[in-house]
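Examining the three-dimensional arrangement
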Amino acid sequence: MNKLSVFFVLLLCITIIGCNRTSIEPQKKISKEISSEKIEDLLQQMTLKEKLTLIHASSSFTSGGIPRLNIPEISMSDGPHGVRYEHGRAWSRLENADDKATYLPTGITLASTWNKSLGLQYGRVLGSEAKERNKNIILGPGINIIRSPLNGRNFEYLSEDPYLTAQMAIGYVNGVQENGVAACAKHFVANNQETNRSNVDALVSKRALHEIYLPAFKTVVQDANVWSIMGSYNKVNGQFATHHEYLVNSILKNDWGFDGVLISDWASVKDTKEALLYGTDIEMGTELVKSFNNPDYDGFYLADPAEKMIESGEVPESVVDDKVRRILKLMMRSTVLTDYGKGERNTEEHQKTALQVAQEGIILLKNEQILPIKSAEKKTIAVIGHNAIRKFASRGGSSQVNALYEVSALEGIQKIAGDKYEIVFSEGYEPYFDENNFRKDNVQTAAQTKVNDVKVAASKKSNQKLVKDAVAIAKKADYVIFVGGWIHGFEGYPWGEGTFDSEARDKVNLKLTFGQEELIQELTKVNKNVISVLYGGSQVEMNNWLPKVKAYIHAWYPGMEGGTALAQILFGEVNPSGKLPVTFANSHNDYPSHKIGEFPGNASVDYKEDIFVGYRYFATENINVPFSFGFGLSYTNFTFSNLKTSKDKTDIIVTCDITNSGKMAGYEVLQLYINQKNPSVKRPKIELKDFEKTWLEPNQTKTISFTLKEDAFKLFNEDLNKWTLENDDYTILIGNSSTFTPLKTTIKL
Ligand code: BGC
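1. Some thoughts on the overall build of the chain
Counting secondary structure elements, the chain contains 21 helices and 26 strands. Its C-alpha atoms give the chain a radius of gyration of 26 Å, within 12% of the compact-globule value 27 Å for 749 residues. Viewed in the frame of its principal axes, the chain has a C-alpha envelope of about 85 × 65 × 45 Å. Considering the chain as a whole, with its 749 residues, one finds that 65% of them fall into the buried category. Across the chain, the fraction of contacts at a sequence separation of at least 24, relative to all contacts at a separation of at least 6, is 76%.

Following this line, the structure appears as structure tokens:
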């Protein structure tokens, strides 16, 4: 039965039973037409059992409906960078399903574009494809702060900076929801590691919560009106985040006015009473730990146990009513009960967005006059490295996508440069299991990963023959493009879990794996023109190989058109414009989360570095790193001038000029940071407060304007328990990275 008929039947039922209730018609528009009368009317007609049906799962990716009232189930899907392959009702992949989808560059690649409008385009692709596959909620974006480079899910997240994270997420959420599909911002909150993720207690100060870990969630609630949020597995300061009295009830729902639905992560509800009282609206995934092969949905915390608790009077039914109201509202806002027309899947338009995000998200970090490769004669290029032929879409955990296609680096290079250059390839190394690189301190997760499973799935060994073959072709080549870095996981393992950029497990360190460091050393011995291209959700240790290569590109996981975009950058068809959304220090030990705080902790993890996360720490302590936050090279040069400030009531208006002083057209990202002169408490030396990406032809100058609200200058005062603006001097700094800010001016507030 389609949605329209569902409504006619509902209308008929209501008329037949002769009550004076308002009819339930399909909503034509989002939020504006939500009628609380209709919601109340439906609520009145429900038994307690029916209400409870709505607040927990009815299959692996649906929450319950009420057929008697023609209320359908809600259908959900991961997310965050493509609509996940089809599950059906059980917790296993549905064979032969029609689920090929657009595989977008992952979250960290999107954030590296620093292009807000691409966030919107990206969200539109996801929303449209989710709608086409009849999904009402897409489980993304992932907006947890990148606290340590070892977090296995950093590739899904956006940045170490709350402002950049928030700004990229706004477009994403709007783009998804324009299609009538709810975005589900995740994972709320302080879920900054995978090790022991189901139980670890994150000990975080109020100030760090408000200044670092909460702002992106606040922004998607207040500036993008997100319809759902996913509660995380971990505890925060002693209570599970999915049912947290302070974080969910007081902050999210009360202070911020979130009127959407808080969905649990899959099996993150741990207690019936707390889930009832402290804000969980829909419980998902509990069967994964309770009864994996024989799901007992009535046994969910928010099913029969909740019924007993309410019937005994221990918890009032009104708490369930609040959840039901929120769920009905989400249904009316979204495709569950509103006709938004048809979605589209695998269109050229969607693939173009995937390409554009990759073009702007891949980052050029080092270039000693070697890129772009341009030669009048036919030269030989040796492409070396396993990652040049590897496809990434289908691994990494819940974010896996059945990509319609995926252009590898080698395919991209052949496509873009195959007729002008002689391209030769050698694999150089292959992934193999190394116990030292495998985190053993992880508590078992839903997928029940065991070290032995991974060993069996990945039994290859370091291969000296591959090294020899690679060196032989490198010797004869004019250029070597080495393509290596991280992978999501090993072949044959169900979730592709185990190493390295993967759900449910963190990295052990940032050392290059599978003998790649030795391989690069050998290649640089026989060829002076080695260009290193690395994939992965983080950097690797660079000190031993970076000085020896002529260029370094970080490609993250650049999606289905990643190989095309990479080749376009290598051969100068595209001028690179990606900027680091995280700091690239050499070792994980350099990061404040490891040096001052803890990672991954044990039963608890103490965020002792407090607000000094990422560049906030490196800048304040004047520590040099190989590549700072906000950094990324272009094939042209930009100059900055003419900084002016003025006041418009309480707003500060900042303008400056940017000129493309080089020979190639391209994008540049202007980044605006502030510094407070004498804060009452220790404050980072710089904080990002705005940015703007702009396109400039050679010799073109543009004036860029920023408006800073008073909020931009505030800090969270723990004694007063609120954001405060201190009377002080504030310096505004503008440039194109956190360590290059040539324009400066000081204002008094
Ligand atoms: C992940 C979520 C995901 C969910 C459903 C969980 O294990 O943490 O991000 O959306 O599974 O697949």
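That was the structure; now back to the text.
2. Brief notes about the site of the ligand
Residues in contact with the ligand amount to 14 residues; listed here are only the nearest, D78, R153, H187, D265 and E503. Note that an oxygen atom of the ligand is positioned 3.0 Å from one of the side-chain N or O atoms of Y233. Surface burial for the ligand is 99%, taken as the share of its 310 Å² of free accessible area covered by protein chains. When its residues are assigned to classes, the shell around the ligand shows five nonpolar, two polar and seven charged.

3. Considering the pattern of salt bridges
Overall, the coordinates contain 42 salt bridges when judged by the stated rule. Note that K116 is salt-bridged to D690, the shortest N-O span being 3.6 Å. Taken as a pair, K116 in helix α5 (residues 116–132) and D690 in strand β21 (residues 687–696) lie far apart in primary sequence, 574 residues in all. When its relative accessible area of 9% is taken as the criterion, D690 is described as buried. The partner of R153 in a salt bridge is E156, with the nearest N and O atoms 2.7 Å apart. By relative accessible area, which is 2% here, E156 ends up buried. Taken together, the salt bridges that share partners define one network made up of R153, E156, E194, R197 and E503.

4. Re the sheet that holds strand β18 (residues 638–648)
In spatial order, the strands read β18-β19-β22; together these three strands make up an open sheet with antiparallel pairing. The outermost strands of the open sheet, each flanked by one partner alone, are β18 and β22 (701–708). Geometrically, the sheet is characterised by an average inter-axis angle of 20° between neighbouring strands, direction not taken into account.

5. Describing the domain arrangement of the chain
According to the domain assignment, the chain consists of domain 1 (348–620) and domain 2 (638–748). Between the C-alpha centres of domain 1 and domain 2 there is a distance of 32 Å. Contact with domain 1, which involves 12 residues of that partner, is made by 18 residues of domain 2. Taken together, the two surfaces of domain 1 and domain 2 that pack against each other cover about 1,300 Å², and 58% of this comes from carbon and sulfur. Ranking the residues of domain 1 by area buried against domain 2 places N575, K579 and Y615 at the top, with a combined share of 40%.

6. Let's talk about the pairing of strand β3 (residues 74–77)
Of the two faces of β3, both are covered, the one formed by I74 and M76 as well as the one formed by S75 and S77. Across two bridges, strand β2 (residues 62–63) lies against β3 in antiparallel orientation. Following the sheet pairing, T62 is matched in β3 by S75. For β3 and strand β4 (residues 137–138), the ladder comprises two bridges, and the chain directions are parallel. Its bridge partner lying in β4, M76 is registered against I137.

7. Topic: helix α14 (residues 348–361)
Between the first and last C-alpha of α14 there are 20 Å, a value that for 14 residues agrees with the 20 Å anticipated at 1.5 Å per step. H350, Q351, T353, A354, L355, V357, A358, Q359, E360 and G361 are the residues of α14 that are buried.

8. A word on the sheet that holds strand β13 (residues 422–426)
The six strands lie next to each other as β11-β16-β15-β14-β12-β13, forming an open sheet whose pairing is mixed. Two strands in the sheet have a free side with no partner beyond their single neighbour: β11 (363–367) and β13. Between one strand and the next, the sheet's axes are offset by a mean angle of 20°, whatever the strand orientation. In terms of strand pairing, strand β12 (residues 380–384) meets strand β14 (residues 479–485) through four bridges, oriented parallel. Across the sheet, I381 pairs through a bridge with Y479, a residue of β14. Its contacts with the sheet place helix α18 (residues 516–526) against β12, β14 and β15 (530–535), and it is angled at close to 175° to β14.

9. Thoughts on helix α8 (residues 215–222)
Across the eight residues of α8, six count as buried, placing the element largely inside the fold. Taken as a whole, α8 has its buried residues at P215, A216, F217, T219, V220 and V221. Of the surrounding secondary structure, the elements contacted by the buried residues of α8 are α6 (162–178), β5 (182–188), α7 (206–213), β7 (228–231) and α9 (245–255).

Rules behind the numbers
- Residues numbered from 1 in each chain as written.
- Predicted model: local features only at pLDDT ≥ 70, side-chain atom pairs only at ≥ 80, totals over all residues.
- Heavy atoms only, no water.
- Helix = DSSP H or I, 4+ residues; strand = E, 2+ residues; numbered from the N terminus.
- Rg over C-alpha atoms; globule rule 2.2 N^0.38 Å.
- Buried < 20%, exposed > 50% of the residue type's maximum accessible area, 1.4 Å probe, protein only.
- Contact = heavy atoms within 4.5 Å.
- Near = heavy atom within 4 Å.
- Polar contact = N/O pair within 3.5 Å; in protein donor to acceptor, adjacent residues only side chain to side chain.
- Areas by Shrake-Rupley, 256 points an atom, 1.4 Å probe, with all protein chains shown as cover.
- Nonpolar A, V, L, I, M, F, W, Y, C, P; charged D, E, K, R; others polar.
- Salt bridge = Lys/Arg side-chain N within 4 Å of Asp/Glu carboxyl O.
- Pairing = 2+ DSSP bridges.
- Axes fitted to C-alpha atoms, helices over the stretch in contact; angles between N-to-C directions.
- Domains from an automatic or database assignment.
- Buried area = accessible area lost by both parts, 1.4 Å probe.
- Expected span 1.5 Å × (residues − 1).

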